[in-house]
There are 2 protein chains.
Amino acid sequence: MDMTRLEWLSAGDAAQGIRDGLFDSEQLVQACLERIRQTEGEVQAWQHLDEAHALAQARARDADRREGRPTGPLHGVPVGLKDIIDTLDMPTEDGTVLHAGRMAGRDAAVVARLRAAGAVILGKTVTTELATYAAGKTRNPHDPSRTPGGSSSGSAAAVAAGMVPLTLGTQTNGSVIRPAAFCGVYGFKPSQGLVSRHGILKTSRTLDCVGWFARNLDDIALLAEVLCGHDERDTDTRVQASPPFLRMLAQEPPLPPRFAWVKTPMWPQADADTHEALAEVAEVLGTQCESFDVGESVRAAWDWHRTIMEAEMAFNLDAEWTRGRDKLSSSLQQQLQRGREVSALDYQHAQARIPQLVDGFDELFERFDAILTPAAPGSAPPLGNTGDPVFCTLWSLCGMPALNLPLLHAPDNLPMGLQLVGRRGDDARLLRSARWLVRQLQAA
Amino acid sequence: MDMTRLEWLSAGDAAQGIRDGLFDSEQLVQACLERIRQTEGEVQAWQHLDEAHALAQARARDADRREGRPTGPLHGVPVGLKDIIDTLDMPTEDGTVLHAGRMAGRDAAVVARLRAAGAVILGKTVTTELATYAAGKTRNPHDPSRTPGGSSSGSAAAVAAGMVPLTLGTQTNGSVIRPAAFCGVYGFKPSQGLVSRHGILKTSRTLDCVGWFARNLDDIALLAEVLCGHDERDTDTRVQASPPFLRMLAQEPPLPPRFAWVKTPMWPQADADTHEALAEVAEVLGTQCESFDVGESVRAAWDWHRTIMEAEMAFNLDAEWTRGRDKLSSSLQQQLQRGREVSALDYQHAQARIPQLVDGFDELFERFDAILTPAAPGSAPPLGNTGDPVFCTLWSLCGMPALNLPLLHAPDNLPMGLQLVGRRGDDARLLRSARWLVRQLQAA
């Protein structure tokens, strides 16, 4: 453990170091704040950061330890939150002037779980406008002329820049996997229904999903154990025991996992570097990987996703539309206008396709452990837009778990994402397969 | 137990009689078939009835007993099914020529539960067109010039005529409570999410609800215990233990129950006899009953119900519309046309009102055990239409449990319904309160 660079510790190592008395939460949070002071001018990852409040939380967690109070798995570890996740003690402004200064007066369900696990809520990270497409101020830590991706822009950038070991984001289309790919960090979007969305800006009941960013797989699993669970305030959360993420991740797969390199009809939109990188991964995997063309059978899925997303956005952002339509970006205005014109008939037909698609992929998972696919068409494009979610849309629609592995680089050395997608509800197996894959590629 | 009139036994007494060896299932089914032969010409309750097949089932159940095989709580007891409930061994024609001769090739979830409980599936009862408004052939057993109500027309009439002790129906607006009221039998529509709709014609995911008919409250509770339970094929069924219907019904309430005589904005649509009858009930109940005007706060609920019902019907009956629109009644064509024009925005807004309404009524149930309200504007109107569901719409929208008590009569001696409505999810308490009320009114 490199004690001179606490800010680069993983969350698991940081929690262990605090438990072992090697350092305390205040020192850890100080190191993160110092790193933020150094890099925030360029990266602009934070929407709200109150150093004194963060340090006060850290000291309270240190007092817990000294005074023998119960501690949790993230005790004393700082976590950043996308600024659409409600917090009792900080504003939540949703990336729009319409919500400037908004105090939610409550903690989101995931925030309550983080606090119960002992986490220090470091601050709120920059989101695009209402978690949709119009970019915020954040720049890519690897190249400030590039986008960090969106909509969880600040959350991905903050982890990549060593400002904080863990952040939460959300994904409705590609808002976790894409920024994770562009910023070169692990990003995880679990199966729909595992994590409560209570207290988080609603854009789409069907598609909105909490996700998170970290610098290694163990931290992804650690946070999964903290965040997953039924919540009666989000009736779409499933009433089942949470998957045993950490135990599964610690296991070797019973057999070497098999990967389906799935080429959707969007495959040609990936750039040449991405085509080449995926081919190299497939070559390393040899007989453990099989190319799979899902082709025309799923081509309409992108339309179904748009129908559902825009119709549900029109409903959930109806108050903003009514109150301050002129304060919204023109692209969002156009989206909402289209959403208002969707018929209930088309909306229901699109909804009805989801279980059919999931059933089709379930069959694939009888032969394969995970789907291998790009996370984005290429590395991060220039600032101005947040990149194309086209390689995430299908998995968001299906509510399948998706993971970005930051293992690839473009010729100019910018990160390129490799996306692994698992069977819906089989999140822990996805993480176990991912660990195996990471080791294979790092050994190659 | 009057052994000369087996067809008029309750299901509970019939099952007990078979268990005690007083008669066998074949004798019971023979008695029901004989009653059907006598009355079916006038009542026309059945869409499909195969005497030989019914008797074969009865003999098989009798053989179970003789040969020591497991028996269930309805062992040997005949049950009729609305002809939109799929059965492996009989056609299910959904009240439309478009589905003439349709063999579903499966048992609905409720049918599988009935068979597991030992029931004899006697046959399929007449439904209105696709469980909507256009009347079938059935006539009211109390007066063949009157409607039996709909859409579960044959199910209500068959129980009223002594043809069978139990039948299943469904309610999307007023299709169980209304025919129960017009035919003078007990009818129960449980809370939404208690009974699986797998294998039943879908018209509205939000509103469709299985219900049933019997000649006493114990049979209502007995069937509830058989039918309630989670089914992963109907993801709207709740994952909770079923209410203890029979145990609750056997208990005295800890305090005399309190009834809220709720007058909705539809109250003026009830006829003078209904106004008078409700006032008499309130008088008998004295201080246990309080009049309650929910007034304008719920007036829009009937519009929200129509928006949801018509939008979901347009989706679920899209194949029928496409394939044979000209074979549908003109009123159904108009409904479907309106449903196709509903926007996804209005549809979602209407959906979002439901939990708000339920929360409002939940407050009422902190002071009251049940809501007292008419089941219909009056007694059964003349044949031709199936009567007005206006006194059921609000409770169907809210997914609250509703019960018709056949305790009132119009001056011309036709049955008039008294509807009791319970807190959503508190179905067993509703039955217990109902038993108390029945005793009070019968003693008065």
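Scroll up to find the structure.
Residues numbered from 1 in each chain as written. Chains lettered and ligands numbered in written order. Predicted model: local features only at pLDDT ≥ 70, side-chain atom pairs only at ≥ 80, totals over all residues. Heavy atoms only, no water.

Assigned secondary structure in chain A consists of 15 helices and eleven strands. For chain A, the C-alpha radius of gyration of 21 Å lies close to 22 Å, the compact-globule estimate for 444 residues. Across its three principal axes, chain A shows a C-alpha extent of roughly 60 × 55 × 45 Å. Across the 444 residues that make up chain A, the buried fraction comes to 62%. Taking the intrachain contacts of chain A between residues at least 6 apart in sequence as the baseline, contacts between residues at least 24 apart amount to 76%. Of the side chains in chain A, 44 bear a positive and 56 a negative charge, and the two mean positions are spaced by 3 Å. (Helix = DSSP H or I, 4+ residues; strand = E, 2+ residues; numbered from the N terminus. Rg over C-alpha atoms; globule rule 2.2 N^0.38 Å. Buried < 20%, exposed > 50% of the residue type's maximum accessible area, 1.4 Å probe, protein only. Contact = heavy atoms within 4.5 Å. Lys, Arg positive; Asp, Glu negative; His and termini not counted. Charge placed at Lys NZ, Arg CZ, Asp CG, Glu CD.)

What follows covers the nonpolar core. Counting residues in each nonpolar core, the largest one holds 238 residues, and the members touching the most others are L74(A), L114(A), F361(A), L74(B), L114(B) and F361(B). When neighbours within four sequence positions are excluded, L74(B) is seen to be in contact with A11(B), L114(B), A117(B), G118(B), A119(B), L166(B), L222(B), L223(B) and V226(B). (Core = buried A, V, L, I, M, F, W, Y, C linked by side-chain atoms within 4.5 Å.)

Right, let's talk about the sheet that holds strand β2 (residues 78-82) of chain A for a bit. Residue and element names in this part refer to chain A. As summarised here, the arrangement of the eleven strands in space is β1-β3-β2-β4-β6-β5-β10-β11-β9-β7-β8, forming an open sheet in which the pairing is mixed. At either margin of the open sheet sits one strand with a lone partner, and together these are β1 (46-49) and β8 (289-293). Across the sheet, the mean angle separating the axes of adjacent strands is 30° when strand polarity is ignored. For β2 and strand β3 (residues 120-125), the ladder comprises five bridges, and the chain directions are parallel. Bridge pairing in β3 links G80 to G123. This element, helix α3 (residues 51-66), spans β1 and β3 of the sheet and lies at about 155° to β3. Contacting β5 (186-189), β7 (259-263), β9 (370-374), β10 (402-409) and β11 (415-421), helix α15 (residues 427-443) crosses the sheet at an angle of about 10° to β10. (Pairing = 2+ DSSP bridges. Axes fitted to C-alpha atoms, helices over the stretch in contact; angles between N-to-C directions.)

Pairing between side chains becomes possible if they bear opposite charge and their charged atoms approach one another. Inspection of the entire model under this criterion finds 60 salt bridges over all chains. Among the salt bridges present, the one from D362(A) reaches R423(A), with a minimum N-O distance of 3.4 Å. Of this pair, D362(A) sits in helix α13 (residues 344-364) while R423(A) sits in the loop between β11 and α15; the two residues are 61 residues apart in sequence, bridging distant segments of the chain. The exposure class assigned to R423(A) is partly exposed, which follows from its relative accessible area of 26%. Of the charged contacts, one joins D86(B) and R102(B) as a salt bridge, the two residues approaching to 2.9 Å between their closest N and O atoms. Within this pair, whereas D86(B) is found in the loop between β2 (78-82) and α4 (109-116), its partner R102(B) is found in the loop between β2 and α4, the two being separated by 16 residues in sequence. With a relative accessible area of 2%, D86(B) lands in the buried category. Among the charged side chains, a salt-bridge network with shared partners connects R61(A), D64(A), E67(A) and R69(A). (Salt bridge = Lys/Arg side-chain N within 4 Å of Asp/Glu carboxyl O.)

Turning to the interface of chain B and chain A, a few remarks are in order. The partner chain A presents 15 residues to the 15 residues of chain B that form the contact. Buried area between chain B and chain A, summed over both chains or domains, comes out near 1,400 Å², and the portion from carbon and sulfur atoms is 68%. It is F315(B), L345(B) and Q348(B) that lose the most area in chain B upon contact with chain A, and together they represent 44% of the buried surface on that side. At the junction of chain B and chain A, the tally comes to zero salt bridges. Where chain B packs against chain A, one counts six residue pairs in polar contact (both at pLDDT 80 or more). Residue assignment for the side of chain B that touches chain A shows that the elements contributing at least two residues are α10 (301-316) and α13 (344-364) of chain B. It is α13(B) that contributes the most residues to the side of chain B that touches chain A, six residues altogether. Taken together, the residues of the side of chain B that touches chain A sort by class into nine nonpolar, three polar and three charged. (Buried area = accessible area lost by both parts, 1.4 Å probe. Polar contact = N/O pair within 3.5 Å; in protein donor to acceptor, adjacent residues only side chain to side chain. Nonpolar A, V, L, I, M, F, W, Y, C, P; charged D, E, K, R; others polar.)

All names here are of chain B. Summarising the element assignment, D83 is placed in the loop between β2 and α4. Judged by relative accessible area, which is 1%, D83 ranks as buried. Considered as a pair, D83 and A224 are 141 residues apart in the sequence and their alpha carbons are 20 Å apart. Setting aside residues up to four positions removed in sequence, D83 forms contacts with Q47, P91, T92, E93, D94, K124, T125 and T127.

So, about the packing of helix α9 (residues 272-285) of chain A against α15(A). A packed helix pair is summarised by two numbers, namely the angle formed by the two axes and the spacing between the axes. Residue and element names in this part refer to chain A. Where α9 meets α15, the closest approach of the two axes is 10 Å, and the angle between their N-to-C directions is 95°. Our classification of the angle between α9 and α15 gives roughly perpendicular. Residues V281, V284 and L285 of α9 form the contact with α15, whose participating residues are W436, L437, Q440 and L441. Residue composition of the contact of α9 with α15, grouped by class: six nonpolar, one polar and no charged. (Parallel < 35°, antiparallel > 145°, perpendicular 65-115°, else oblique.)

We now examine the relation of the copies chain B and chain A. Each copy of the sequence occupies a distinct position, and chain B is placed on chain A by a rotation of 180° and an axial shift of 0.0 Å, giving an RMSD of 0.0 Å. On the angle and the small slide along the axis, the relation comes out as a two-fold axis. Of all interface residues in chain B, 100% are interface residues in chain A too; the two copies therefore contact each other through one and the same surface. (Least-squares fit on C-alpha atoms with pLDDT ≥ 70 in both.)

Looking now at helix α1 (residues 11-19) of chain A. Residues A11(A), A14(A), A15(A), G17(A) and I18(A) constitute the buried set of α1(A). Along α1(A), the residues classed as buried sweep out an arc of 160° about the axis, all on the same side. (Arc of directions from axis to C-beta.)

Bringing the sheet that holds β2(B) into the picture now. Residue and element names in this part refer to chain B. Strand order in the open sheet made by the eleven strands is β1-β3-β2-β4-β6-β5-β10-β11-β9-β7-β8, with mixed pairing throughout. Only two strands of the sheet have a single neighbouring strand rather than two, namely β1 (46-49) and β8 (289-293). When strand polarity is set aside, the average angle formed by the axes of neighbouring strands in this sheet is 30°. For strand β10 (residues 402-409) and strand β11 (residues 415-421), the ladder comprises six bridges, and the chain directions are antiparallel.

Scanning the model with the defined rule gives twelve aromatic pairs over all chains in all. When the centroid spacing of 6.2 Å and the interplanar angle of 65° are considered together, the rings of Y347(A) and Y347(B) count as edge-to-face. With Y347(A) in helix α13 and Y347(B) in helix α13, this pair bridges two chains. You can call Y347(A) buried: its relative accessible area is 8%. Counting every residue linked through ring pairs, the aromatic cluster contains F188(B), W212(B) and F245(B). The ring of W261(A) has K263(A) lying over it, and the distance from NZ or CZ to the ring centre is 4.3 Å. (Phe/Tyr/Trp six-rings, centres within 6.5 Å; stacked < 30°, edge-to-face > 60°. Lys NZ or Arg CZ within 6 Å of the ring centre and 35° of its normal.)

Residue and element names in this part refer to chain A. Within the secondary structure, R233 is located in the loop between α7 (217-227) and α8 (245-250). Judged by its relative accessible area of 51%, R233 is exposed. C-alpha of R233 to C-alpha of R146: the two residues are 87 residues apart in sequence and 38 Å apart in space. Reaching out from R233, the side chain makes a polar contact with the side chain of H198 at a distance of 3.4 Å.

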